[in-house]
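Reading the structure
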Amino acid sequence: MGRWSRFNVASIAIGFAFLYLPIVLLVVYSFNESRLVTVWTGFSTKWYGTLLTNQALLDAAWVTLRVGVLSASAATVLGTLAALSLSRYSEFRGRTLFSGMIYAPLVMPEVITGLSMLLLFVAVGLDRGFWTVTLAHTTFTMCFVAVVVQSRLQSFDRSIEEAAMDLGATPVATFFQVTLPVILPAVLSGWVLAFTLSLDDLVIASFASGPGATTLPMRIYSQVRLGVTPEINAICTILIGIVACGVLIAALVTRRRELQRQRDERAAFAEGMSRAINPPPAAAGG
Amino acid sequence: MQRAISAVTRRLVILIPYGWLLFFFLIPFLIVLRISMSTSAVAMPPYTPVFDWSEGWARIRSALSELSFDNYVWLAGDPLYLNAYLSSLWIALVSTALTLLIAYPMAYGMAKAPTTLRPTLVMLVILPFWTSFLIRVYAWIGILKPEGLFNQFLLSMGVIREPLIILNTNWAIYIGIVYCYLPFMVLPLYSALEKMDHSLTEAALDLGCTPIQAFWRVTFPLSLPGVIAGCLLVFIPAVGEFVIPDLLGGSETLMIGRTLWNEFNGNRDWPVSSAVAVVLLLLLVVPIMLFQTAQARAERAEREGR
């Protein structure tokens, strides 16, 4: 393995500066006193205060939050089922079409997905609004969940599942008692991914939404088109803060869970070994 | 008995997500296809109706005979659309190449980083992806404006005398796409480079290759699956990108995602926007198929590798 050269360090540093500088500047200028976003005049939190009185914005945030929670939860269930079908049943009719429908939405331009969703809702006569946005988000985020969960299922020791089935567990019981606990971190991170994607989406929501269901990105977009203002910087900073906290908590939880699991496995192994070496008298007598 | 339950479970596990995707993903495309062949009408919805199932087979047959390719003829005849398609493909191509140029050294450096540092570096690449796309595009407006931070910086350094006009040009779009899609390129490259057996490079060096030759003859060819996956992950969505050209591009920048949006929301011409979407999809069919084969191959390799 070669050494980590100065060139390697420099290219990483430049890359990260490029990735983070714009976000840092955005956050810094949300605390700027001046209305002119690019001229620094002093520290102030007044733009955060004005947000709280912006009822339209608060309504949009509430819509977005509800859509996000509902669609992420539905997408997690559907995506996990899809991941199970793909990794556990290697042969079934139409598998190629199925895996195609899982992977295609990952790269499909959003304008196409959005337009096709809208035309479906019109064709079946569903009024556009809160529920249509939720359905559309469920559909495109479930594919991301499926991919995340599937990669965890791929590296899963299937012999424990087989053991549970041999011992008489039904497939459903096997799933809830054996498979789900192991893949839970992936399922949870799938949920978080689906939630952030839903929070973030502008294009699909704009197509699928109707009057009365304006999401936060739609509201931000209509303001951004009018120019850069410190209020938008403030909203964006709050959103970045929420996401950063979420990611941090998720990382800590998975890490803790992983450590706990390793500890448990070691303890079980140690106990098994000590029993094998000195069997307890009851077992030996029986 | 258990076998019967098992069969029922299996069927349900497959059918629920399958049915959902058929109804909410595949059928909508068929509707888009159908509407792209109908004529525009002043009504709500603004097109002549789709099939009316209640009248049975005869009605479907007559509906089929009503299909028209007028919208496609119209698209082909109007240079606006042709230019929009071509310039979308071109902008996506240039941006993908630029992204690869920036991402490769980064992924290479990450793969050579000390093992303890790597998870943190990967985390740092993924983190911006969690922040809103719209916010990240918006952040660049304040930077690239004529009186924005980038120009202020260059002016104060004395590099330039007059502010550069970057916002509302194609350069702003390139920067936006490279910035937003960089993680999609870095991650597959990193996972290809990290898996690589470094003794191969050492062997090439021992056998007299210069480091640069060793890179082009050994490292780069071995990282090709990552390069292909990354380029497709950037190229395909970039072709249909809407937010970036709309916020960073100029009024004369034509990109097809934006054209479709305007056709739909501005002109309210649903049949033409459907035809625009169908042609865009046709353009992307080959790259999407390539992406799916690459995914399926990776999936299979992972399954057989264990």
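The rules behind each value
- Residues numbered from 1 in each chain as written.
- Chains lettered and ligands numbered in written order.
- Predicted model: local features only at pLDDT ≥ 70, side-chain atom pairs only at ≥ 80, totals over all residues.
- Heavy atoms only, no water.
- Helix = DSSP H or I, 4+ residues; strand = E, 2+ residues; numbered from the N terminus.
- Buried < 20%, exposed > 50% of the residue type's maximum accessible area, 1.4 Å probe, protein only.
- Contact = heavy atoms within 4.5 Å.
- Areas by Shrake-Rupley, 256 points an atom, 1.4 Å probe, with all protein chains shown as cover.
- UniProt positions renumbered as here; feature names shortened; annotations may be inferred.
- Buried area = accessible area lost by both parts, 1.4 Å probe.
- Salt bridge = Lys/Arg side-chain N within 4 Å of Asp/Glu carboxyl O.
- Polar contact = N/O pair within 3.5 Å; in protein donor to acceptor, adjacent residues only side chain to side chain.
- pLDDT = per-residue confidence, 0-100.
- Phe/Tyr/Trp six-rings, centres within 6.5 Å; stacked < 30°, edge-to-face > 60°.
- Lys NZ or Arg CZ within 6 Å of the ring centre and 35° of its normal.
- Expected span 1.5 Å × (residues − 1).
- Bend = angle between axes of the 7 residues up to and from the residue.

Below, the discussion takes up the overall build of chain B. Along the backbone of chain B there are 14 helices and zero strands. When the helices and strands of chain B are listed from N to C terminus, the series reads α-α-α-α-α-α-α-α-α-α-α-α-α-α. Of all 306 residues assigned to chain B, the portion counted as buried reaches 49%. Across chain B, the fraction of contacts at a sequence separation of at least 24, relative to all contacts at a separation of at least 6, is 71%. A total of about 15100 Å² of accessible surface is found on chain B, and carbon and sulfur atoms cover 69% of it.

So, on to the UniProt feature "domain: ABC transmembrane type-1" (unreviewed entry) in chain A. UniProt marks residues 61-253 of chain A with the feature "domain: ABC transmembrane type-1" (unreviewed entry), using the numbering shown here. The span residues 61-253 of chain A is 82% helix and 0% strand, and its two end C-alpha atoms sit 26 Å from each other.

Let's shift gears to the environment of A:Ala244. The residue A:Ala244 is located in helix α11 (residues 230-277) in this model. Remark: the alpha-carbon pair of A:Ala244 and A:Met273, spanning 29 residues in sequence, is separated by 43 Å.

On the secondary structure map, A:Leu19 appears in helix α1 (residues 6-29). Residue classification places A:Leu19 among the buried positions, given a relative accessible area of 1%.

Mapped onto this structure's residue numbering, the UniProt feature "domain: ABC transmembrane type-1" (unreviewed entry) falls at residues 85-291 of chain B. Secondary structure across residues 85-291 of chain B divides into 79% helix and 0% strand, with the first and last C-alpha atoms of the span separated by 21 Å.

Taken together, the contact between chain A and chain B spans 95 residues of the former and 95 residues of the latter. Together chain A and chain B conceal approximately 8500 Å² of surface at their shared face, both sides included; 78% is due to carbon and sulfur atoms. Taken together, the links from chain A to chain B amount to one salt bridge. Here A:Arg225 and B:Asp246 are joined by a salt bridge, their closest N and O atoms 3.6 Å apart. Connecting chain A to chain B are 10 residue pairs in polar contact (both at pLDDT 80 or more). If one sorts the elements of the side of chain A that touches chain B by residue count, α1(A) sits on top with 14 residues.

So, on to the environment of A:Ser198. Residue and element names in this part refer to chain A. Position of Ser 198 among the secondary structure elements: in helix α8 (residues 171-200). It is 17 Å that separates the C-alpha atoms of Ser 198 and Ile 102, two residues lying 96 residues apart in sequence. Dropping the residues within four chain positions of it, Ser 198 is found in contact with Val 67, Gly 68, Ser 71, His 137 and Thr 141.

Looking now at the UniProt feature "transmembrane region" (unreviewed entry) in chain A. The feature "transmembrane region" (unreviewed entry), as annotated in UniProt, sits at residues 7-31, 60-84, 96-124, 130-149, 170-193 and 232-253 of chain A in this numbering. Here residues 96-124 of chain A runs as 90% helix and 0% strand, with 27 Å between its end C-alpha atoms.

Right, let's get into the confidence of the model for chain B. Residue and element names in this part refer to chain B. Chain-level statistics for chain B give a pLDDT mean of 84 and a share of 89% at 70 or above. Per-residue pLDDT, averaged within each element of chain B, yields its smallest value for helix α2 (residues 56-66) (62) and its largest for helix α4 (residues 79-112) (93). In the model output, the complex is listed with pTM 0.83 alongside ipTM 0.81.

The pLDDT averaged across chain A works out to 85; a share of 95% of its residues lies at or above 70. Helix α12 (residues 281-285) of chain A is the least confidently modelled element of chain A, averaging 50 in pLDDT, while helix α9 (residues 203-208) of chain A averages 93, the highest of any element.

Turning our attention to the packing of aromatic side chains. Following the criterion strictly, the structure yields 31 aromatic pairs over all chains and no others. Ring centres of B:Phe215 and B:Phe220 lie 6.2 Å apart, and the angle between their planes is 45 degrees; this geometry places the pair in the tilted category. Cluster of aromatic residues (ring-pair linked, three or more members): A:Phe207, A:Tyr221, B:Phe242, B:Trp261, B:Phe264 and B:Trp270. Residue placement shows A:Arg66 over the ring face of A:Phe130; its charged tip is 4.7 Å from the ring centre.

Further remarks concern the UniProt feature "transmembrane region" (unreviewed entry) in chain B. Residues and elements named next belong to chain B. The positions that UniProt labels "transmembrane region" (unreviewed entry) are, in the present scheme, residues 12-37, 89-109, 121-141, 171-193, 214-239 and 270-291. Along residues 121-141 one finds 90% helix and 0% strand; the C-alpha atoms at either end are 27 Å apart. From the first C-alpha to the last, residues 171-193 spans 30 Å; its make-up is 100% helix and 0% strand.

With that settled, the discussion passes to the pattern of salt bridges. Residue and element names in this part refer to chain A. What the rule picks out here adds up to six salt bridges over all chains. The partner of Glu 161 in a salt bridge is Arg 88, and the shortest N-O contact between them spans 3.0 Å. Here Arg 88 lies in helix α3 (residues 55-88) and Glu 161 lies in helix α7 (residues 158-166), a separation of 73 residues in the sequence. Take Glu 161: its relative accessible area is 9%, and that puts it in the buried class. One salt bridge connects Arg 158 with Glu 161, and the closest N-O pair in it is separated by 3.8 Å. Of this pair, Arg 158 and Glu 161 both sit in helix α7, three residues apart, which is roughly one turn of the helix.

A few words on α1(A). If you check α1(A), its first and last C-alpha atoms are 33 Å apart, about what 24 residues at 1.5 Å a residue would give, namely 34 Å. In the structure, α1(A) departs most strongly from a straight axis at A:Tyr20, where the bend amounts to approximately 35 degrees and where the proline A:Pro22 lies between one and four residues downstream. For α1(A), the complete set of buried residues consists of A:Asn8, A:Ser11, A:Ile12, A:Gly15, A:Phe16, A:Leu19, A:Pro22, A:Ile23, A:Leu26 and A:Tyr29. If you follow the buried residues of α1(A), they end up packed against α11 of chain A together with α4, α5 (118-130), α6 (133-144), α7 (149-157) and α8 (170-195) of chain B.

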